[in-house]
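Here are the chains, one letter per residue:
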Amino acid sequence: MHDPANAAHADHVIGLNEPDSPSSIEGEKFGAVAIGRNEGDRLRRCLESLSGASPLVYVDSGSSDGSVQLALKLGVNVVELDMSVPFTAARARNAGFRYLRELAPEVRYVQFVDGDCELVMGWAREALEFLENRPDIAAVCGRLRERDPERSVYNWLCEREWNGPIGEVKSCAGNVMQRACALEAVGGYREDVVAAEEDELCVRLRALNWRIWRLDHDMAVHDAAMVYFSQWWKRSVRAGYAFAQGDRKSVV
């Protein structure tokens, strides 16, 4: 995995489940990794929507709202990231994937979900069947819906943003079903990329002739919970940084 600080930090792993056979949908095995920080009730909805996955790993980036305790109460394996190293979503996903593979080395597919999202019923079966029938596909995603698009113009803008093209695409977002061997082949996410790390990952996947696909099927519900301009502005600045980082070709 891309981990420039691997020798300098040690994340705290709290494993509740003994390594066992991953869950199976019509013979296809998959696990799941959820990441988050201070997601509140959104995290509960997220983890409960992943109850069909095994192993299920939650990676926490320094929450102070009891997220770790909630995950443990729900029987989820937890990785607490070392707070002395800067947090990135890429780092969190890599840490979760590493631990998931320790728990179940034979797992073939992994569903990544952000802590402010919840998986839609039926998505896992759809994604697994697609990946099994298309060995050239490294990652598959579906439609992401906003929970309350009418609550604010910012939520509505997110709903519009999620409405991407169907079929073969150049990149996926954070919520995605990945083929484990493909993710390992490229060394995971690049941990020093602070935003749009999924786009950078997909560049490397496509360089190895893997393909990325978006299905015409609801995948997850996102809860932006943005009602203030300051929230939107902060998100926009982060997105702008990602564009600038990519334009300077520092991430590929």
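This text goes with the structure placed above it.
From a predicted model like this one, the values you see are computed outputs, not experimental measurements. (Residues numbered from 1 in each chain as written. Predicted model: local features only at pLDDT ≥ 70, side-chain atom pairs only at ≥ 80, totals over all residues. Heavy atoms only, no water.)

Novice: Could you give me a rundown of helix α1 (residues 41-49), with the residues and numbers involved?
Specialist: Residues of α1 that are buried: R42, L43, C46 and L47. For α1, the angular spread of the buried residues around the axis is 125 degrees, confining them to a single face. (Buried < 20%, exposed > 50% of the residue type's maximum accessible area, 1.4 Å probe, protein only. Helix = DSSP H or I, 4+ residues; strand = E, 2+ residues; numbered from the N terminus. Arc of directions from axis to C-beta.)

Novice: So what's going on with the nonpolar core? Which residues, and what values?
Specialist: Membership of the largest hydrophobic core comes to 68 residues, with the highest contact counts inside it found for V59 and V140. Excluding anything up to four places from it in sequence, V140 contacts W123, A127, F130, L131, V176, M177, W213 and L215. (Core = buried A, V, L, I, M, F, W, Y, C linked by side-chain atoms within 4.5 Å. Contact = heavy atoms within 4.5 Å.)

Novice: Any details on the side chain of S63? Residues and values, ideally.
Specialist: Tracing the backbone shows S63 in the loop between β4 (56-60) and α2 (67-73). Among the polar contacts listed, one links the side chain of S63 to the backbone nitrogen of N38, at a separation of 2.7 Å. Side chain to side chain, S63 and D60 meet in a polar contact 2.5 Å long. Apart from residues lying up to four places away in sequence, S63 is in contact with G36, R37, N38 and Y58. (Polar contact = N/O pair within 3.5 Å; in protein donor to acceptor, adjacent residues only side chain to side chain.)

Novice: Outline the pattern of salt bridges, supporting the account with residue identities and numerical values.
Specialist: Within the structure shown, the criterion is met by 16 salt bridges. One salt bridge connects R98 with E191, and the closest N-O pair in it is separated by 3.9 Å. Taken together, the residues R98 in helix α3 (residues 89-103) and E191 in the loop between α6 (180-185) and α7 (197-207) connect sequence positions 93 residues apart. Here R98 falls in the partly exposed class, since its relative accessible area comes to 26%. With a shortest N-O distance of 2.8 Å, R190 and D192 are connected by a salt bridge. (Salt bridge = Lys/Arg side-chain N within 4 Å of Asp/Glu carboxyl O.)

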